[in-house]
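Here is what each chain is made of, one letter per residue.
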Amino acid sequence: MRRVRYHENGGPEVLRVEETEVPRPGPGELLIRTEAAGVTLPVVRKVREGGQPLPASLEGEVAGEIVAVGPDVTGFLVGERVTGLCFGDGYADYSPLHTSMASRIPGGASSAQAVALVRCGLVARGAYEAARPAAGESVLVTGAASGVGHLALQIAKARGASRVVAAVGSPAKAEFVRSLGADEVVVYGQESWGEPVDVVLDAVGGELLSSAVAALAPGGRLVAYSSGGGSIQAYDLLVGAKSVIGFQMALIARHRPELMERWRRELWAMTADGRLRPRIHTELPLEDAAKAHGIVESRANQGKVVLRPV
């Protein structure tokens, strides 16, 4: 089978397509024939910045058909279609998927739609919940055209936000986020982001944090779920009685799996009735993994970037 790995850290150019044996699923694992793999900014950053032994595989969101089950697996059958977070060869013809990370794909949904919805939707749903939103509050979403961001703005709208502001890096993305329900659009370089908001869902971090905090109304809350780092001056929080909340989906998966499963069901239900519209920016063959990483790293995507091994 084919898989994508990297033997050194760097940009998209370090990714290599290699040939290897089809793996066997271990205890508690499913082996899926990978039909779609989602490309995420955290994985792109990991390739460039390092942090794990080399050579390394590309982890991430996968979807496909179960072709084998490991020892002690119950509740899943060969032939079923599933999606989830893979911690092995995610960019590959076949991928291992632990049952704790797997969920079935409803009939009629595509594998590309599944990788666009489930992991990104869980992060978006969880980040919004972490803000402790009240009905009628206003919400600003940074990275609003990204895989997570474009779902976050729709979730905020569907759950009763009175005003949803989409913050994007380029005016070219304005039409896209407005088509998904954004009431206002601001571009990062603007001096002002308009009227203050009650909640900021921040997917960017870094130097943008100061502008995101400034966009909060007194008593407002910023939820940071980005891998981009950054720092905030305590005084900027003190003078407006503002709060910053960190959110990580891995903690929910580890300690509250029943909540994660409930959110999964909600996401599919919202998609079925049209309240949530996951968008695919592009679908590329496995051999174009470097191109896919380049799109995400440059933040050119509007929606999800997906690799299609088959």
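Structure's up top.
Residues numbered from 1 in each chain as written. Predicted model: local features only at pLDDT ≥ 70, side-chain atom pairs only at ≥ 80, totals over all residues. Heavy atoms only, no water.

Thoughts on the pattern of salt bridges
So, point 1. As enumerated under the stated definition, the model contains 23 salt bridges in all.
So, point 2. Between Arg2 and Asp93 there is a salt bridge; the shortest N-O distance is 2.7 Å. In this pair, Arg2 sits in strand β1 (residues 2–6) while Asp93 sits in the loop between β6 (81–86) and β7 (94–98), placing the two residues 91 residues apart along the sequence.
So, point 3. Put simply, Arg2 and Glu287 hold a salt bridge, and the shortest N to O gap is 2.3 Å. In this pair, Arg2 is assigned in strand β1 and Glu287 in the loop between β15 (280–285) and α9 (289–297), connecting sequence segments 285 residues apart.
So, point 4. Exposure remark for Arg2: the relative accessible area of 18% places this residue in the buried category.
So, point 5. With a relative accessible area of 46%, Glu287 lands in the partly exposed category.
So, point 6. If you follow the salt bridges from partner to partner, you end up with Arg3, Arg5, Glu18 and Asp89 in one network. (Salt bridge = Lys/Arg side-chain N within 4 Å of Asp/Glu carboxyl O. Helix = DSSP H or I, 4+ residues; strand = E, 2+ residues; numbered from the N terminus. Buried < 20%, exposed > 50% of the residue type's maximum accessible area, 1.4 Å probe, protein only.)

Some words on the packing of helix α1 (residues 41–49) against α9
So, point 1. Contact pair α1 / α9: the axes reach a minimum separation of 10 Å and the direction vectors enclose 105 degrees. The angle between α1 and α9 falls in the class roughly perpendicular. Across the interface between the two elements, Leu41, Val43, Val44, Val47 and Arg48 from α1 touch His293, Val296 and Glu297 from α9. (Axes fitted to C-alpha atoms, helices over the stretch in contact; angles between N-to-C directions. Parallel < 35°, antiparallel > 145°, perpendicular 65-115°, else oblique. Contact = heavy atoms within 4.5 Å.)

Some points on the sheet that holds strand β2 (residues 15–19)
So, point 1. Ordered in space as β2-β1-β4, the three strands form an open sheet in which the pairing is antiparallel. The open sheet has two free edges, formed respectively by β2 and β4 (56–57), since each of these has just one partner strand. (Pairing = 2+ DSSP bridges.)

A word on the packing of aromatic side chains
So, point 1. Tallied over the entire structure, the rule returns one aromatic pair.
So, point 2. Their ring planes at 40 degrees and their centres at 6.4 Å tell us that Tyr188 and Trp193 sit as a pair that is tilted.
So, point 3. Take Trp193: its relative accessible area is 7%, and that puts it in the buried class.
So, point 4. Its end group placed over the ring of Phe76, Arg104 keeps NZ or CZ at 4.6 Å from the ring centre. (Phe/Tyr/Trp six-rings, centres within 6.5 Å; stacked < 30°, edge-to-face > 60°. Lys NZ or Arg CZ within 6 Å of the ring centre and 35° of its normal.)

Notes on the side chain of Thr271
So, point 1. Among the structural elements, Thr271 can be located in helix α8 (residues 257–272).
So, point 2. Classification of Thr271 as buried rests on a relative accessible area of 14%.
So, point 3. For Thr271, the side chain forms a polar contact with the main-chain oxygen of Leu267, separated by 2.9 Å.
So, point 4. Residues contacting Thr271, with those up to four places away along its chain left out, are Gln113, Leu117, Leu276 and Pro278. (Polar contact = N/O pair within 3.5 Å; in protein donor to acceptor, adjacent residues only side chain to side chain.)

Concerning the nonpolar core
So, point 1. Counting 88 residues, the largest nonpolar core has Tyr91, Val177, Leu201 and Leu307 as its most contacted members.
So, point 2. Here this core takes 12 residues from helix α2 (residues 111–130), the largest share from any one element. (Core = buried A, V, L, I, M, F, W, Y, C linked by side-chain atoms within 4.5 Å.)

A short note on the sheet that holds strand β13 (residues 216–224)
So, point 1. Spatial ordering of the open sheet is given by β11-β10-β9-β12-β13-β14, a layout of six strands whose pairing is parallel. A strand with exactly one partner marks an edge of an open sheet, and here the two such strands are β11 (184–187) and β14 (243–246). The mean inter-strand angle of the sheet, taken between neighbouring strand axes irrespective of direction, is 20 degrees.
So, point 2. As paired strands, strand β9 (residues 138–142) and strand β10 (residues 163–168) are joined by five bridges and run parallel to one another. Paired with Ser138 across the bridge in β10 is Arg163.

Topic: the pairing of strand β12 (residues 197–202)
So, point 1. In terms of residue burial, β12 counts as a mostly covered element, since five of its six residues are buried.
So, point 2. Summarising the sheet, β9 and β12 pair through three bridges and their orientation is parallel. Opposite Val139, over in β12, you have Val199 as the bridge partner.
So, point 3. Pairing of β12 with β13 involves five bridges; the strand directions are parallel. Counted as the bridge partner of Val199 is Arg221 from β13.

A word on a nonpolar patch on the surface
So, point 1. Together, Tyr235, Leu238 and Val239 make up an exposed nonpolar region whose accessible area comes to about 370 Å².
So, point 2. You can see Tyr235 is positioned in helix α6 (residues 234–238).
So, point 3. A relative accessible area of 58% means that Tyr235 is categorised as exposed. (Patch = residues over 30% accessible without salt bridge, like charges linked within 9 Å, V, L, I, M, F, W, Y side chains within 5 Å. Areas by Shrake-Rupley, 256 points an atom, 1.4 Å probe, with all protein chains shown as cover.)

Describing the packing of α2 against α8
So, point 1. Between α2 and α8, the least distance of the axes is 9 Å, while the angle of their chain directions is 115 degrees. Between α2 and α8 lies a crossing whose hand is right-handed. Contacts between α2 and α8 involve Gln113, Ala114, Leu117, Val118, Gly121, Leu122, Arg125, Gly126 and Glu129 on the former and, on the latter, Met260, Arg262, Trp263, Arg264, Glu266, Leu267, Trp268 and Thr271.
So, point 2. By residue class, the composition of the contact of α2 with α8 is eight nonpolar, four polar and five charged. (Left-handed = near helix turned anticlockwise from the far one by under 90°. Nonpolar A, V, L, I, M, F, W, Y, C, P; charged D, E, K, R; others polar.)

Limitation: the analysis is restricted to geometry and does not speak to function.
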